[in-house]
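Commentary on secondary and tertiary structure
Spelled out from the first residue to the last, the chains are:
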Amino acid sequence: MTSITQSLPWLNDSWTKLTRQLERTPHALLFTGQPGLGKNRLAIEFAHLLLCMNPDGDTPCGSCKSCQLFAATNHPDMKVVTPLEQGKSIGIDQIRELNRYLTLTPHTSARKVVLISPAEEMTTAAANSLLKQLEEPPLGSVLILISHHPHRLPATIRSRCARIDFRAPGPEEATQWLAEHGATTGVTAALAASGNAPLAAQALLEQGFVEERDKFLIDLLSLTRDGNPISCAERWQKSGSETALAWLQGFLLDVLKASLHAASNKGEPVDWSNPDALNAIQTIAAQVPAKQTAELLEVVNEGRRLLTTQIDERLLIEDILIRWNRVVA
Ligand SMILES: [Zn+2]
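Rules used throughout
- Per-chain numbering applies: the sequence of each chain, read as written, is numbered from 1 onward.
- In keeping with the predicted nature of the model, local features appear solely for residues at pLDDT of at least 70, side-chain atom pairs appear and are counted solely at 80 or more, and the whole-chain, interface and lining totals rest on all residues.
- Calculated side-chain values reflect all of the structure's heavy atoms, with hydrogen atoms and water omitted.
- Definition used in this section: a nonpolar core is a set of buried Ala, Val, Leu, Ile, Met, Phe, Trp, Tyr and Cys residues joined via side-chain atoms within 4.5 Å.
- In this scheme, a residue with accessible area under 20% of its type's maximum is buried, one over 50% is exposed, and one in between is partly exposed, where area comes from a 1.4 Å probe on protein chains only.
- Counting from the N terminus, the helices are DSSP H or I runs at least four residues long and the strands are E runs at least two residues long.
- Segment limits for the domains were obtained from an automatic or database-derived domain assignment.
- By definition in these notes, contact holds between two residues if any of their heavy atoms fall within 4.5 Å.
- Put plainly, a pocket is an open set of points on a 1 Å grid over the protein atoms alone with protein on both sides within 12 Å along at least five of seven lines, a cavity is a set where a 1.4 Å probe fits but cannot get out, and a lining residue has an atom within 4 Å of a point.
- Grid points are joined across faces, edges and corners, and a volume is the space filled by probe spheres set on the points.

1. Here we look at the nonpolar core
Core analysis: the biggest nonpolar cluster contains 76 residues, and Phe31, Ile144 and Trp236 have the highest contact counts within it. Broken down by element, this core gets its largest block of residues, 13 residues, from helix α12 (residues 229–264). Two domains each donate at least three residues to this core, and these are domain 1 (4–165) and domain 2 (207–328). In contact with Phe31, not counting residues within four places along its chain, are Leu18, Lys39, Leu42, Ala43, Ile144, Leu145, Ile146, Ser147, Ile164 and Phe166. In this structure, Ile90, Ala126, Leu145 and Ile157 belong to the second largest nonpolar core, which totals 22 residues.

2. Re the layout of surface pockets
Of the volumes computed, that of the largest pocket is approximately 1300 Å³. Pro35, His148, Glu242, Arg304 and Thr308 are, among the 40 residues lining the largest pocket, the residues nearest its centre. Sorting the residues of the lining of the largest pocket by element identifies α3 (39–51), α10 (198–206), α12 and α14 (290–306) as the ones contributing at least two each. The space that makes up the second largest pocket amounts to roughly 210 Å³. Every residue along the wall of the second largest pocket is listed here: Pro171, Thr175, Thr188, Leu191, Ala192, Gly195, Asn196, Leu253, Lys257, Asp271, Trp272 and Ser273. Residue assignment for the lining of the second largest pocket shows that the elements contributing at least two residues are α8 (171–180), α9 (187–193) and α12.

Note that all results are geometric; they support no functional claim without further evidence.
So, in structure tokens, the structure goes:
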């Protein structure tokens, strides 16, 4: 069996920190870090380890009753709480059900393990209801809250959890990992678009990031002449809003780098996300002040965050493209 730190080596530090004193695991943990680092996968592996009745160091035995139940993915002492539909919140009813679940004694293992992901999607009422569990934890239970945006959690929740921060690997390690997993082209651009989070970059590449980005560039460049932001937004949404905005983010970052590089006049090499679109990048950089590019980049960053909510994606992209037209035209 391949361990989590073998398959996702950048998680090694977080894993070591968690498993060093397994018997002293806090009753509430908060896993934080950008999407695409493997927080959920590590949480599931950690739950497995906590539930195993006969672990060997940081490795579950694989053969006890608990490990068998885990392998069959219906362990009665583990519960995962996620939004019932993508883009929806985690509601109070789900947390009330969780609270009832936690009052029951464990079925097989010595404890119960609960994963709440993404924890920031809890409604205020749900978070308040969970708070009681965190204040008076049921004996032997471990609650793992997983969050891409921990600042959106109430401070009262954050302060009651032991926090484990997940960090992205450096560009070299991330590039190597993607290459080992069969990625050949577009790796730099995909990593730039996902803040070096390897799993997020891998997902982008699988969604056709490389093929789509040429179309995005053509769309963007023709938009200012005779293009229509509304029909362009429609195309981008169909290609995948996340892919489109991830690409635009990397592209604008390149434009900003080009502006700053031209201003500094040092001739140092630049780490481009889209080295194959350098002509377009430099033309735009010469035309648009760096401050405006930075503002637009901020709007796109926020737009990507909003994509995880119930926002109207088409309108969001339209708004961004209209702003782009205003800046570049
Ligand atoms: Zn076991």
